[in-house]
Each structure stands twice: as C-alpha cells, then as structure tokens.
Amino acid sequence: MARDPKYDILFEPVTFGPKTMRNRFWQTSHCTGYGSDRPGTQARFRGMKAEGGWAVVCTEFCSIHPESDEYPWHSARLWDEGDIVNLRSMCDEVHRHRSLAGVQLWYNGMHSPCLESREVPRGPSGLPSNVFPERCIYDAAADEDDIRAIINMYVLAAERAEQAGFDLVEVSGADSTLPMQFLERRYNRRSDRYGGSLANRARFYIEVMAALKRTVGDRLAVTTRFETDTINGEHRVQHFDEGLHFVELMHSEGVCDLWAVKIGDYEEWGEDAGSSRFRKTNWMRPFVSHVKSIVGASVPVVSNGRFTSPDDMVAALRSGQCDVIGAARPSIADPFLPVKIAQGRVEDIRECIGCNICVSRMQQQALLSCTQNPTSGEEYRRGWHPEQFEPAANPCSVLVVGAGPAGMECAMVLGKRGYTVHLRDRAPELGGHWRDVARYPRCAEYGRVISYRQIQLDKLRNVQVHLGVPAMTADDVLQYGADKVVIATGAHWATDGLGAEMHRPVAGADAARAEVLTPEQIMGGKRVVGEKVVVLDGDGYFTGVAMAELLADQGKAVTLVTNMNMITEFAKYTMEMPNNKRMLHEKGVRILTNHWAHSFDPGRLRLFYLYRDSAGLYEVEPGRWGRRTSEELIDLECDVLVLVTARVPNGALYAELKARRAEWQAHEVQAVYRIGDCHAPRQALNAIFDGHRLAREFESPHPQHPLPFIRERQIWGNATIPQRGDPRPAVEPV
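Residues numbered from 1 in each chain as written. Predicted model: local features only at pLDDT ≥ 70, side-chain atom pairs only at ≥ 80, totals over all residues. Heavy atoms only, no water.

Q: Lay out the overall build of the protein with the relevant residues and their values.
A: Across its full length, the protein carries 23 helices and 30 strands. In summary, the protein has a C-alpha radius of gyration of 28 Å against a globular reference of 27 Å for 734 residues, a match within 12%. Counting only C-alpha atoms, the protein reaches 80 × 65 × 60 Å along its principal axes. The burial tally for the protein puts 60% of its 734 residues in the buried class. Summarising the internal contacts of the protein: among those between residues at least 6 apart in sequence, 73% fall at separations of at least 24. Summed over its atoms, the accessible surface of the protein is roughly 28,700 Å², and 49% of this surface lies on carbon and sulfur atoms. Across the protein, the centroid of the 86 positively charged side chains sits 2 Å from that of the 96 negatively charged ones. (Helix = DSSP H or I, 4+ residues; strand = E, 2+ residues; numbered from the N terminus. Rg over C-alpha atoms; globule rule 2.2 N^0.38 Å. Buried < 20%, exposed > 50% of the residue type's maximum accessible area, 1.4 Å probe, protein only. Contact = heavy atoms within 4.5 Å. Areas by Shrake-Rupley, 256 points an atom, 1.4 Å probe, with all protein chains shown as cover. Lys, Arg positive; Asp, Glu negative; His and termini not counted. Charge placed at Lys NZ, Arg CZ, Asp CG, Glu CD.)

Have a look at this one:
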C-alpha cells in the first residue's frame, strides 16, 4: 500500500551539526541490560530498529569512566579499548541499514554505586545520594582540578565513541546525572564560580558541551538530553523558570547541535517513562513545548511522549513542539513502526501498551523484554526477527484451545509460518482474562495486546477462530482431527485465599459466598455487598490496586492489605509505585503492609503481623530450639473480602490428555503441548513469550522445552581487555 501523504512530513531528512538523519524518527537512549558486555545482543537489538526505519538509534546510558560505575545495573561503557571493540558491532549494524548511531555519555556522580569498580565518584558538593539513601553512597566534592578531570573524561569517551563508529555523542543532562547535579540548587551548595547563580551552576554543563564540540564537533554531532522540569518539589528545576532559562544560556553558547527534551529525575524517572496507567500520549508537551521557540529553526528538538499513532506524531511536528519524534518504548514494541507507516500499514503497528515491563526488567538488573514484542532481546540470542517467520517445512493442522494472550500469540505465529490453525475459546471474544484487565481502572491501553493480535489473525486465511463454543473436553480434543494440540486455557484467581504467604487457604474465605469475591467475579458483575471492603493483595502488581481504586470510586471504604513491605511491590520496578501511593491517598484507601489474613467471618477479618514472632532464637523446650511464637491477631471490620492472592492454572484438560496419551495415536494426534498460565501463571509478557517460542520451535525435537540460546560471556583462558596492571589514560589536569 502507498503511504498516506499526510504522513510525508515524518520522512523528511533533518540536519543537525555535521550529520543528516534520513527521516524524523529517533530511537531515544534507553536501557536494556545488554550494555557493552553483550555486544551481539546489543548490536542486533539496535540494528533491528535501524532496519525498521529509525533514522537515529542510540545506546542506553553509557558510563564514561569507572567512577561512574552503575553495577549491578548493566550500562554501556566507554572505559577502554574493549568497549570500543564491542560497541563497534552495534554501530556497524546500525550503519548497515543507513541509520546514525548515537551514544549517551553518562557520569552519575553522587548516584553511582561503584559496586564493581569500587572507585569514588566526584560531584559538586559531597552529598549522600537521595536515590539510594540506604546504600551509603556519597560523592567527593570536586575542586576545579577535579572538574577539569571530569570534563576530560567526557572528551576521552567521545574520542572512543568516534573510534567505535558513533555518529553523535549525547551528553546526559537528565536523570540527575552530574550536569544536573551542578545545575540543581538542591545538589549544588558551592560558593565558587560553579555555584550560586544559574549562570554559575550551568557552567559545568556548558563547559562539557564546549569541550566535546572543540574535540569532535566537526565530525560528530554533539547533542544533549535535558530535563526541562525535574518534578521533584522544592528546589526543583521548573520548566517555566530555570529549565527554559538554562536552554537560553546553553543555546547562546552555540555548543549544542540538537536538544532531546524530557521531564523527571533519577528519583522518579517514571515521570519520563510514564506508564499508561498514569500518563497518556504526549503528556510532557506542556513542559517541553517552548524549547523549540528558544533554539530556533537551525537547531532541531527531539520530543518523546510514547507516540504510537502517526497522527499524533504529525500533530506534534506541525504544532511547533518539535522537529523529531523521539521514542524508546514504542521502538521496543515495534522496531518496524516507521517502515509500517511508510508502507501504508498503520494497522499493523504493534503499539506499546505503556505497561513499563521493559523498564521493570532493567530495574531488576535483568535483560530487557517486552509484553507486546516477544522478539525483543532475542534477535541475536535466538535469531528471531519480529516481522519474518521461517516457513514450516511440513505444515500440519494445529488445534489451539484457549484464545488468551498466549493462545492468540501461538496461533498467530503458527499461522504466519504456514500451519493450518484452529483457535477455539468458549468466550464470545478474544483475549481470555486480559479482556478483564483492559477494563480495570487506568488499564485501557493494555487492550492493545488483544487488538493487535486480532487484526493479525483476521488477515491469516489459514487460521480459523471459533469463539463462543462449548468448553472442550478431552474427548472433543482427541476427536477434533488436528495433528497437534496446544492447550492455552489460562488460570483463575484462587477462590479460597491461597497465596504465597502460608501457601494455604484462608479460613472462611470462599468466593461462593456473597461476602467474598475474586477479581473475575467483580468484573463479571457480582454485587459488592456492604460498605467496608478489604482487598487482600498477595499479587503485588496492578490487580490489587485496581480493585481498590474501582471500589473506592463506588464509594466503598477500602483497606488494602498486603503481605509485602510496600503496596504494589512490583510497581517499584515499573516505576508506578509513587503514583499508585498518591492515587490511593487521594481516594482515601487505607493501607496495611506486612500483614496477612488468618480467618474471615462476615463483618470481621482477622489478620496477623508477619513478624510477630521473636527475633531471638531460644531453647523453647528442652532440646528444641526456635523462635518464641506469638498468636497475636488484629481484627478489621470487613463487610466484603476481595481475594487477589494467587492464580491457579486451569490445567485439568492438559492433565487428562496427558493421562490418555495411549489414545493419541488412534486419533492421529502427534503431540499435545501447554503454554501460558495453564502451564504456570506468570506475567503477560512471559505467557506471550511462551506461545511465541513454542510456535517458533514447533519442529524441534522437544518443542515443549526451549532450545538453547546464545550466551554471551567471557570464555576462560582467553585474553581480557584491559589486562591487570595496564595503565589507565590520564584524565587529571597537569
């Protein structure tokens, strides 16, 4: 199909400094956990975006020196020759597809844990980190010799970046990195020429940019990513004040070829990577839209906003907000987003759902993955391409039972590979339990998990979808006539309070009673009797908080009880926890942590404190040692108990088919597999990955079990770079 002419503006070239990008799509620096330690994974992941049409592809944050060691978080690094070699692979992959490669230069000062290097970071004032207050991390107050040394670190890193093949160096003036630590009054307590007035506090940032411009600026573009508003309360940089005034100062020096603008800080960078539960498309616009009017026509501005719709992108460009569409998460969910717009296939865009699972993986010191795109991070490790599928050598017929996320994904990939697929579900619509999830408060964009796959399934003539049919029995499956069977029957919330705490039911908790409900029952319309509601949350993600909000909005007096140290404990990884807490506070939801249910009777929920037993260990009886136990309980008034405790696999159909394996041959059934939550309840990204992987590896000797993937690690006995005792390039002023 031809591209819609209204989108032509998105494909105009943009020049910045000595470089020209072929269109207006810029993959913003974002974390992956691949860094320079996994060069193959890094190169193919970023290269896939270049293949998909992103004109500029940047690394994650890239440490410029061991003093900015972020371990255990894996960043890119430009410390030495070894990093040059490893990151060159990424640049080569990006260049192979006619895109520009960018590296974000990062020195984090007082927020650098340095758990691997054990070095001492330097900063403006010698303060403890407020991001990691529990870790006893301080910077050493930098004198002017130290400042010149740090600037030299940036210069040496830029020179290494050029050797690696990068086209642009981006100074991170975001996420409370060192340039922002000098700029912000809360961090900068200096009284010399680097402290006090805005011009003095801006001096370090501008000097870094000027040094880079002098050193590499005729060959590489020198850009910055700057947070115009840090959204952190007192002493913050505010966009209408020091944020925009700093842009004026920097621009007047002529040292910045392009601005990538954002909001938020390192404490709460969920305001930059805003989840769809709290921030909608282009939520940063009011904070960043004036930058373009300051820097003028000659200096491009990149603006992010979780853009997935080309109409929203065009509106941002034509309004004068920006010149370039920046994206991190949308480029992960669909590396081929620009190509699909260019080819007139907008309906095929795999839109980011804003769940921040990608961010959560990095926050857990893991490798990036994506709910929508199960090939993210697997381009090199498993050889997967998000848009290309190896045709089946001997396609057969496959019955997929269950049309939730895992079943839909599996049927779609099998269909694209040429199998004849029948996807069946007793529900009248696709999506399984995810249909309920998309109806939770604030979760509407999660529905894209279903809509994307529905569009793709509708296009596959070799996939038949049967909805609203009777639930299949083992006899039905065996007699269906399919060569192979995939069971994807999902899971359900425990109806008896079974959870990770105690691993046994809660006495009196029975969802057959009017006073006890599960999330499925609430979303199915079961009446919530009474006014005092307790949500018992042993899940720790979005369901418990969604049920609390839903019922608070109905006027109920809600208490959220969890066995965890914090409510929605997992949301600290998706960076939604602060706003979850704010929202619940605004709605009057009471919170009780580190407690679990002992028993429930109508009107009363009995709880116990998890740490009620003694700290000491004693001889409690002759010859028997242990804690002194307590039977202390507390009572809560409770008319209604909502159980968000554990999910239980719907595994009966698979178990019966497995038990009747002797009958498979007679019915010409070659194999039966299980995927998704009926195998083991997991987060959606893992259920979807499960279905995708099985379909990719359907001809392997044992498809139920994954094939090995490429592991990137140093093999013992080979040379290291650097060697122990090698000299370090000097950064200190002479």
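Q: How would you sum up the packing of helix α3 (residues 144-164) against helix α6 (residues 203-216)? Please name residues and give values.
A: For any two helices packed against each other, the geometry is given by the interaxial angle and the distance between the axes. At their nearest, the axes of α3 and α6 sit 9 Å apart, and the two run at 40° to each other. When the axis of α3 is compared with that of α6, the two are oblique. Crossing geometry of α3 relative to α6 is assigned as right-handed. Where α3 abuts α6, its residues Ile147, Ile150, Ile151, Tyr154, Val155, Ala158, Glu159 and Glu162 lie against Phe204, Glu207, Val208, Ala211, Leu212, Thr215 and Val216. Residue composition of the contact of α3 with α6, grouped by class: 11 nonpolar, 1 polar and 3 charged. (Axes fitted to C-alpha atoms, helices over the stretch in contact; angles between N-to-C directions. Parallel < 35°, antiparallel > 145°, perpendicular 65-115°, else oblique. Left-handed = near helix turned anticlockwise from the far one by under 90°. Nonpolar A, V, L, I, M, F, W, Y, C, P; charged D, E, K, R; others polar.)

Q: Mind laying out the nonpolar core, listing which residues take part and the relevant values?
A: Ranked by internal contacts, the top residues of the largest apolar core, which has 86 residues, are Leu10, Leu105, Tyr154, Val169, Phe204, Leu212 and Trp259. Beyond its immediate chain neighbours, meaning those up to four positions away, Leu212 contacts Leu105, Tyr154, Val155, Ala158, Val169, Val171, Gly217 and Val222. Of all hydrophobic cores here, the second largest spans 69 residues; its members include Ala403, Val449, Met547 and Val642. (Core = buried A, V, L, I, M, F, W, Y, C linked by side-chain atoms within 4.5 Å.)

Q: Would you mind going over the packing of aromatic side chains in detail, with residue names and values included?
A: Counting across every chain of the model gives 26 aromatic pairs. Residues Phe226 and Phe246 carry aromatic rings whose centres are separated by 4.9 Å and whose planes lie at 40° to one another, so their mutual orientation is tilted. Taken together, the positions of Phe226 in strand β10 (residues 221-229) and Phe246 in helix α7 (residues 239-253) put the pair 20 residues apart, joining distant regions of the chain. For the pair Phe226 and Phe246, a shared accessibility class is recorded, and that class is buried. Here the aromatic rings of Tyr446 and Phe542 are separated by 5.5 Å at their centres, their planes lie at 75°, and the arrangement is edge-to-face. Here Tyr446, found in the loop between α15 (434-437) and α16 (448-459), pairs with Phe542, found in helix α19 (residues 542-553); they are 96 residues apart in sequence, far enough to count as distant. Phe542 shares its class with Tyr446; the two are buried. Cluster of aromatic residues (ring-pair linked, three or more members): Trp434, Tyr440, Tyr446, Tyr541, Phe542, Phe570 and Tyr573. (Phe/Tyr/Trp six-rings, centres within 6.5 Å; stacked < 30°, edge-to-face > 60°.)

Q: For the sheet that holds strand β17 (residues 484-487), give the residues involved together with the corresponding values.
A: Taking strand neighbours across the sheet as the criterion, the 5 strands line up as β16-β15-β14-β17-β30 in an open arrangement whose pairing is parallel. Each edge of the open sheet carries a strand with a single partner, namely β16 (463-467) and β30 (671-674). Taking each pair of neighbouring strands and ignoring which way they run, the sheet shows an average axis angle of 15°. Note that strand β14 (residues 397-401) and β17 share 4 bridges and pair parallel. (Pairing = 2+ DSSP bridges.)

Q: Please set out the sheet that holds strand β22 (residues 590-592) residue by residue, giving values where relevant.
A: One open sheet holds the 5 strands; their spatial order is β19-β28-β20-β21-β22, and the pairing between them is parallel. With one partner strand each, in any of the chains shown, β19 (516-517) and β22 form the two edges of the open sheet. Pairing geometry for strand β20 (residues 532-537) and strand β28 (residues 640-644), over 5 bridges, is parallel. Looking at β28, one finds that Leu536 is bridged to Leu643.

Q: Which residues make up helix α1 (residues 39-51), and what values do they have?
A: The end-to-end C-alpha distance of α1, which contains 13 residues, comes to 18 Å, matching closely the 18 Å that a straight helix rising 1.5 Å per residue would cover. Tucked into the core, α1 has its buried residues touching β3 (25-27), β4 (56-63), α2 (81-96) and α11 (329-333). (Expected span 1.5 Å × (residues − 1).)

Q: An account of α19 is needed here, citing residue identities and associated values.
A: Since the α-helix turns once every 3.6 residues, residues separated by three or four places project in the same direction. An ideal rise of 1.5 Å per residue puts 16 Å on 12 residues; α19 measures up with 16 Å between its terminal C-alpha atoms. Burial runs high along α19: 10 of the 12 residues are buried. Along α19, the residues that are buried comprise Phe542, Thr543, Gly544, Val545, Ala546, Met547, Ala548, Glu549, Leu551 and Ala552. Of the residues trailing α19, Gly555 is marked for its positive phi of about 90°.

Q: Tell me what's going on with the environment of Tyr419, and back it up with residues and numbers.
A: You can see Tyr419 is positioned in the loop between α14 (405-416) and β15 (420-425). Judged by its relative accessible area of 2%, Tyr419 is buried. Beyond its immediate sequence surroundings of up to four residues, Tyr419 is in contact with Ala392, Asn394, Pro395, Cys396, Val398, Leu414, Asn462, Phe698 and Glu699. Among the polar contacts made by the side chain of Tyr419, one reaches the side chain of Glu699 at a distance of 2.3 Å. (Polar contact = N/O pair within 3.5 Å; in protein donor to acceptor, adjacent residues only side chain to side chain.)

Q: For the pattern of salt bridges, give the residues involved together with the corresponding values.
A: Scanning all chains against the criterion turns up 65 salt bridges. The partner of Arg382 in a salt bridge is Glu378, and the shortest N-O contact between them spans 2.8 Å. A relative accessible area of 6% places Glu378 in the buried class. Between Arg647 and Asp677 there is a salt bridge; the shortest N-O distance is 2.9 Å. Linking Arg647 in strand β29 (residues 647-649) with Asp677 in the loop between β30 and α23 (684-696), this pair joins segments that are 30 residues apart in sequence. Since its relative accessible area comes to 24%, Arg647 is described here as partly exposed. On the basis of relative accessibility, which here comes to 7%, the residue Asp677 falls in the buried class. Here the salt bridges share partners, and the residues they tie into one network are Asp175, Arg225, Glu227, Lys262 and Asp272. (Salt bridge = Lys/Arg side-chain N within 4 Å of Asp/Glu carboxyl O.)

Q: Give a detailed account of the environment of Ala655, specifying residues and quantitative values.
A: With respect to the helices and strands, Ala655 occurs in helix α22 (residues 652-659). Taking the C-alpha atoms as reference points, Ala655 and Arg674, 19 residues apart in sequence, are found 9.8 Å from one another.

No statement about biological role is implied by the geometric values presented.
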